[in-house]
Number of protein chains: 2
Amino acid sequence: LNHMTDHRPLNALGEAGIIELIQQRAAIRLPPCVRKGIGDDCAVLETDAETALLVTMDTLIEGIHFTDQTLSPEALGWKALAVNVSDITAMGGTPKTAFLSIGLKPETEVNFLESFMAGFNGLARRTGVVLAGGDTVESPSFAVVTIALLGNCPKERVVYRSGARVGDDIWVTGRLGDAAAGLFLLQGNLSPVPQKYEALILWQQKPMPPFELGRALGQYGLAHAMIDVSDGIAKDLGHICQESGVGAILQGSSIPLSDPLIELGKEVQKDPFQWALHGGEDYQLLFTASPTEEQRILSLSAKMWGGPAIKIGTIIQGSSIWLQTANGRNRLDSPGFLHFSK
Amino acid sequence: LNHMTDHRPLNALGEAGIIELIQQRAAIRLPPCVRKGIGDDCAVLETDAETALLVTMDTLIEGIHFTDQTLSPEALGWKALAVNVSDITAMGGTPKTAFLSIGLKPETEVNFLESFMAGFNGLARRTGVVLAGGDTVESPSFAVVTIALLGNCPKERVVYRSGARVGDDIWVTGRLGDAAAGLFLLQGNLSPVPQKYEALILWQQKPMPPFELGRALGQYGLAHAMIDVSDGIAKDLGHICQESGVGAILQGSSIPLSDPLIELGKEVQKDPFQWALHGGEDYQLLFTASPTEEQRILSLSAKMWGGPAIKIGTIIQGSSIWLQTANGRNRLDSPGFLHFSK
């Protein structure tokens, strides 16, 4: 097949296929200073004998990742940074310097940019991130924001997706599905939105990655494998299992669902489990650890995160992910959120 | 003024005003590990005692920076990397690891991405750059490409815009205006385009930054101040003068113009000097150096670049930039290419 004549549309490949294509075409032998390239939450580069440099980059595009209905300019500034902080956190690193490329229409009002920066700075100050550069460009129509975030980590403390071991507990740092339910509300599916669901909307708009806990889990060597929950726990656990060559079993009754999520599910007749398993954008940490570390993890998460991490399953042999419920054990599909597929 | 009520459009600020706004809003005290934040070709971060990490990020947006008439997918891949390589080069650094965020419509053909990667890899292999990560996203309409590029440099050899000294010679590494004239041709202003103008089009589509020479000029301590010519030499020399607190005088007769550029100017009755001074996208190096280093610079540029660097002026006291021609000495305006202004 001469690739120059491949007239298939990109959505025929799907996001995974596109990444694979880029990875294959770019595949020259990685120099030793690149410990990890494409295929984890961050790239891991060696800078000196002790420290690894972590690099991640994420783009948010108006009309795909957000609309003016779902994110205010301030929430956009916060969230564009949050999704990158989440990636550094998921490797056990400390976020440090951000680079912002922002494309806006020339007729965009100055207060849009002011509000965007207020949101960005709100999270930057809390996480100790410094804006060190970037690019401002004109966009012909929709807004587009790319942030590259650099962080660091003691070299031997970087937590990869590939370290899960059979027998590990599977942990998650907080309630799942809130962000997806918040999106459901912001898209106008329930109007007016009762006050009691504000927490769901807040987590969609201004998620707060557990950045201190992520670093501590790496620093104390507690997490064997870690990833941030961006595509839904089913798909993200799939990445850990695939990279680690293991399977997993999730206890349905342990999946943490918030009260507003459960209540909203009843009100609109949606299964809150679907939001929790497949909704995505949780920006919580999903990690595996030895069962002997349970007490240390619980006390660390209380101290560093303000809420208990929750044990939701076990790493097993094989390559499948199972969901154990009162109705039995079922294989868990992982649709997640797929770009480039309708 | 309550900034939340600033309803002016962004193009009232202009690109410089927008960058200033972002810089001011983000202005917390930079930690010592950030040697240079916003305001040079790259950010300069300290990683260890000897080495500086250079970081740059540039975005190309369809409809603003290119169209399918001006850049093939392959040229887009090349150029998106080239503009970043140029930034690292202009600090005296060595480009190392790239992060690519690409947003494409789902119906884009696979061969677009294949060709894009072929162009990207063509320059990556020549410059030793490794693709280490990024993001692939769906775009609702136009294509958008952001590349973040990391490089390194011995800490004491980083060349800033701010180092120009009164009495320095001003040098440029190659012919100016070719890229702008190439754009003029690609926009359909002369049809059909005679073969003799191919070099102009090539420099618009696949510019080759003098990356080995830039590194050598830093390494041997020859360049006092350096910048890449992206916005036109008038504007870019303006940055050096402003950051260094100096003025400059350019010798009009020394500005290097290519034969095709001169010939095209005659054919379409355009002044080639305007392309050379204000056209932009040259991705040549503009630097200042002590007059005593003339011979070393000439031999280094012959060895590392294949063409002689050209002496085009002198750094003087003051803050103005003058153009000396047969008609006398005139103050040089610097419109350059302004985003966010029509």
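See the structure shown above.
Residues numbered from 1 in each chain as written. Chains lettered and ligands numbered in written order. Predicted model: local features only at pLDDT ≥ 70, side-chain atom pairs only at ≥ 80, totals over all residues. Heavy atoms only, no water.

*Asks:* For the overall build of chain A, give the residues involved together with the corresponding values.
*Replies:* Within chain A, the secondary structure is distributed over 10 helices and 13 strands. Here chain A holds 342 residues, and the buried ones make up 58% of them. Sequence-distant contacts, at least 24 apart, represent 82% of the contacts inside chain A between residues at least 6 apart. Carbon and sulfur atoms make up 48% of the accessible area of chain A, which totals about 13,300 Å². (Helix = DSSP H or I, 4+ residues; strand = E, 2+ residues; numbered from the N terminus. Buried < 20%, exposed > 50% of the residue type's maximum accessible area, 1.4 Å probe, protein only. Contact = heavy atoms within 4.5 Å. Areas by Shrake-Rupley, 256 points an atom, 1.4 Å probe, with all protein chains shown as cover.)

*Asks:* Please provide a residue-by-residue account of the sheet that holds strand β6 (residues 144-154) of chain B, values included.
*Replies:* Residues and elements named next belong to chain B. Ordered in space as β1-β2-β3-β6-β4-β5, the 6 strands form an open sheet in which the pairing is mixed. Looking at strand neighbours, the two that pair on one side only are β1 (34-36) and β5 (130-138), the edges of this open sheet. Across the sheet, the axes of successive neighbouring strands diverge by a mean angle of 20 degrees, strand direction being ignored. Note: strand β3 (residues 51-61) against β6, 11 bridges, orientation antiparallel. Across the sheet, residue L53 finds its bridge partner in β6, namely N152. Contacting β4 (94-104), β5 and β6, helix α3 (residues 110-127) crosses the sheet at an angle of about 170 degrees to β4. (Pairing = 2+ DSSP bridges. Axes fitted to C-alpha atoms, helices over the stretch in contact; angles between N-to-C directions.)

*Asks:* Give a detailed account of the packing of aromatic side chains, specifying residues and quantitative values.
*Replies:* Residues and elements named next belong to chain B. Under the criterion given, the structure shown has 5 aromatic pairs over all chains. Arranged with centres 6.2 Å apart and planes meeting at 5 degrees, the rings of W171 and F287 form a pair that is stacked. Within this pair, whereas W171 is found in strand β7 (residues 169-172), its partner F287 is found in strand β10 (residues 285-289), the two being separated by 116 residues in sequence. There is no split in this pair, since W171 and F287 are both buried. (Phe/Tyr/Trp six-rings, centres within 6.5 Å; stacked < 30°, edge-to-face > 60°.)

*Asks:* Got a sec to walk through unusual backbone geometry? Specific residues and values, please.
*Replies:* Residues and elements named next belong to chain A. In this model, S191 is joined to P192 through a cis peptide bond whose omega is -5 degrees. By the element assignment, P192 lies in the loop between α4 (178-186) and α5 (198-205). Even without glycine at this site, Y283 takes up a positive phi of about 50 degrees. With respect to the secondary-structure elements, Y283 resides in the loop between α9 (272-278) and β10 (285-289). In this structure Y283 comes out as buried when scored by relative accessible area, which is 8%.

*Asks:* Quick rundown of the relation of the copies chain B and chain A? Include the residues and the values.
*Replies:* Superposing chain B onto chain A takes a rotation of 180 degrees plus a shift of 0.0 Å along the axis, which leaves an RMSD of 0.0 Å. Overall, the copies show the geometry of a two-fold rotation axis. Both copies share a contact surface, since 100% of the interface residues of chain B are interface residues in chain A too. (Least-squares fit on C-alpha atoms with pLDDT ≥ 70 in both.)

*Asks:* Before we move on, can you summarise the sheet that holds strand β13 (residues 328-331) of chain B with the specific residues and values?
*Replies:* Residues and elements named next belong to chain B. Reading across the sheet, the 7 strands line up as β8-β10-β7-β11-β9-β12-β13 and stay open at both edges, with mixed pairing between neighbours. Each edge of the open sheet carries a strand with a single partner, namely β8 (225-228) and β13. The mean inter-strand angle of the sheet, taken between neighbouring strand axes irrespective of direction, is 25 degrees. Judged from the 4 bridges that link them, β7 and β10 form a sheet pairing that is antiparallel. Bridge pairing links I170 to T288 in β10. Helix-sheet contacts for helix α7 (residues 233-244) involve β7, β8, β9 (247-251), β10, β11 (310-316) and β12 (321-325), and the interaxial angle to β8 is about 145 degrees. Seen against the sheet, helix α10 (residues 294-305) touches β7, β10 and β11 and runs at an angle of roughly 5 degrees to β7.

*Asks:* Break down the environment of E263(B) for me, citing the residues and quoting the values.
*Replies:* All names here are of chain B. Tracing the sequence through the fold places E263 in helix α8 (residues 259-268). Accessibility expressed as a relative area gives 37% for E263, which makes it partly exposed. If we ignore the near neighbours within four places in the chain, the residues touching E263 are K196 and Y197.

*Asks:* With reference to specific residues and values, describe the interface of chain B and chain A.
*Replies:* Contacts between chain B and chain A engage 77 residues on the former and 77 residues on the latter. Buried area between chain B and chain A, both sides added, is near 6,700 Å², and the carbon and sulfur share of it is 69%. Scanning the region where chain B abuts chain A turns up 2 salt bridges. E114(A) serves as the salt-bridge partner of R25(B), at 2.4 Å between the closest nitrogen and oxygen. Counting the contacts that link chain B with chain A gives 24 residue pairs in polar contact (both at pLDDT 80 or more). Mapped onto the side of chain B that touches chain A, the elements with two or more residues apiece are α1 (14-25), β2 (43-46), β3, β4, α3, β5 and β6 of chain B. (Buried area = accessible area lost by both parts, 1.4 Å probe. Salt bridge = Lys/Arg side-chain N within 4 Å of Asp/Glu carboxyl O. Polar contact = N/O pair within 3.5 Å; in protein donor to acceptor, adjacent residues only side chain to side chain.)

*Asks:* Can you break down the side chain of T288(A) residue by residue, with the values?
*Replies:* Residue and element names in this part refer to chain A. Tracing the sequence through the fold places T288 in strand β10. Take T288: its relative accessible area is 0%, and that puts it in the buried class. Not counting chain neighbours up to four residues away, the residues in contact with T288 comprise A164, D168, D169, I170, L222, A223, H224, A225, I240 and I315.

*Asks:* Pulling in residues and values, what's your account of the pattern of salt bridges?
*Replies:* All names here are of chain A. What the rule picks out here adds up to 29 salt bridges over all chains. One salt bridge connects R175 with D178, and the closest N-O pair in it is separated by 2.9 Å. A relative accessible area of 40% means that R175 is categorised as partly exposed. Across the pair K235 and D231 runs a salt bridge whose closest N-O atoms are separated by 3.7 Å. Like K235, the residue D231 is buried in the burial classification. Bridged by salt links that share partners, the residues R35, E46, K155 and E156 form one connected network.

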